[in-house]
Amino acid sequence: MIRPGTDGAFILSAAQYIIANKLYDEQVVKRTTDMPLLVRMDTKKLLSAADVFNGYKPKDLKNYVTMLPPGQAMPPPNQQGTMYLTPELRNEWGDFVVWDAKANAPVAMTRDEIGDKATLDPALDGEFDVKLANGQTVKARTVFSLVKQYLDDSFTPETVSELCWAPKAAIESVAKQVAKAKQKTLLPTGMGPNHFFNAHLKDRAVYLLAALTD
């Protein structure tokens, strides 16, 4: 039994242990999460492909998406078997950037190039100098790198043990068991507590742990 209200911290500590000890599934994290995406260190926002590649136009999306011709209305909800997207919204979304480990250069990535469709081998961790289309060079780090630093700074088992009253060894044990039991760990979390201020954040912690361990 842990201290009430510290569930999120406990889960983040388990995630910190898994990352620090490289118990996560690297290929799954690269293929199915946003953690390889680059973040501009000057603005702390995701690096847009339009910022990097002069005249960049968002690529056509074909997987899991139906593009609507201009002026065409969406079908009724009960007839929608996929996500419908207008050209205007597609342009608003744009595309983001990863660092291609093979080419040692920034590359645009679309929603079609993740999951089982992934063809790129993006760097998961690191900081890179990225030259923008306007000639400026900015520092960029992966989402994974920033998450790792945040967890290392605030959620080590030693620190969280004092907060949630669970022994350090217990946090580490849970982390190792979850990492070992890939696709076999049940992480029950419900909507009820989310009605309270910021209570949804413990769910985000659970999703992070699940994403790291497939």
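Our subject is the structure that appears above.
In this text, all values refer to a predicted model and were calculated from it rather than measured experimentally. (Residues numbered from 1 in each chain as written. Predicted model: local features only at pLDDT ≥ 70, side-chain atom pairs only at ≥ 80, totals over all residues. Heavy atoms only, no water.)

### Thoughts on the overall build of the protein chain
Item 1. Along the protein chain, the regular secondary structure elements total eight helices and seven strands.
Item 2. Along the longest, intermediate and shortest principal axes, the C-alpha atoms of the protein chain span 55 × 45 × 30 Å.
Item 3. Across the 214 residues in the protein chain, those meeting the buried criterion constitute 40%.
Item 4. For the protein chain, the share of sequence-separated contacts (at least 6 apart) that also reach a separation of at least 24 residues comes to 60%.
Item 5. Of the charged side chains in the protein chain, 25 are positive and 25 negative; the average position of the first set lies 2 Å away from that of the second. (Helix = DSSP H or I, 4+ residues; strand = E, 2+ residues; numbered from the N terminus. Buried < 20%, exposed > 50% of the residue type's maximum accessible area, 1.4 Å probe, protein only. Contact = heavy atoms within 4.5 Å. Lys, Arg positive; Asp, Glu negative; His and termini not counted. Charge placed at Lys NZ, Arg CZ, Asp CG, Glu CD.)

### A few points about the nonpolar core
Item 1. In terms of nonpolar packing, the biggest core is built from 34 residues, with Tyr24, Met35 and Leu212 touching the most fellow members.
Item 2. At the level of secondary structure, the elements contributing two or more residues to this core comprise helix H1 (7-20), helix H5 (143-154), helix H6 (157-164), helix H7 (168-180) and helix H8 (201-212).
Item 3. Counting residues per element, this core draws most heavily on H1, which supplies nine residues.
Item 4. In contact with Tyr24, not counting residues within four places along its chain, are Ile18, Ile19, Val29, Leu124, Phe144 and Leu212. (Core = buried A, V, L, I, M, F, W, Y, C linked by side-chain atoms within 4.5 Å.)

### Let's talk about the environment of Leu46
Item 1. The residue Leu46 is located in the loop between strand E1 (38-40) and helix H3 (49-52) in this model.
Item 2. When the C-alpha positions of Leu46 and Ala169 are compared, they lie 36 Å apart, and in sequence the two are 123 residues distant.
Item 3. Among residues more than four places away in sequence, those in contact with Leu46 are Leu37, Leu38, Val39, Phe96 and Val143.

### Concerning H7
Item 1. End to end, H7 covers 19 Å across 13 residues, agreeing with the expected 18 Å (1.5 Å per residue, within 8%).
Item 2. Listed as buried for H7 are Ile171, Glu172, Ala175, Val178 and Ala179. For H7, the angular spread of the buried residues around the axis is 130 degrees, confining them to a single face. Projecting away from the buried face of H7 at angles above 90 degrees are the exposed residues Ala169, Gln177 and Lys180.
Item 3. Packing partners of the buried residues in H7 comprise H1, H6 and H8. (Expected span 1.5 Å × (residues − 1). Arc of directions from axis to C-beta.)

### Examining the pattern of salt bridges
Item 1. Tallying each qualifying case throughout the model produces eleven salt bridges.
Item 2. The salt bridge partner of Glu26 is Lys30, with a shortest N-O separation of 3.4 Å. Of the two residues, Glu26 and Lys30 are both situated in helix H2 (residues 26-32); the distance of four residues between them amounts to about one turn of the helix.
Item 3. Looking at Glu26, the relative accessible area reads 37%, which means it is partly exposed.
Item 4. The shortest N-O distance in the salt bridge between Arg90 and Asp95 comes to 2.8 Å. (Salt bridge = Lys/Arg side-chain N within 4 Å of Asp/Glu carboxyl O.)

### A short note on the side chain of Asp95
Item 1. Its location among the elements puts Asp95 in the loop between helix H4 (87-93) and strand E4 (96-100).
Item 2. Assessed through its relative accessible area of 4%, Asp95 is described here as buried.
Item 3. Among the polar contacts made by the side chain of Asp95, one reaches the side chain of Tyr56 at a distance of 2.6 Å.
Item 4. Filtering out sequence-adjacent residues up to four positions away, Asp95 remains in contact with Leu47, Ser48, Ala49, Tyr56, Pro58, Lys59, Arg90, Met109 and Thr110. (Polar contact = N/O pair within 3.5 Å; in protein donor to acceptor, adjacent residues only side chain to side chain.)

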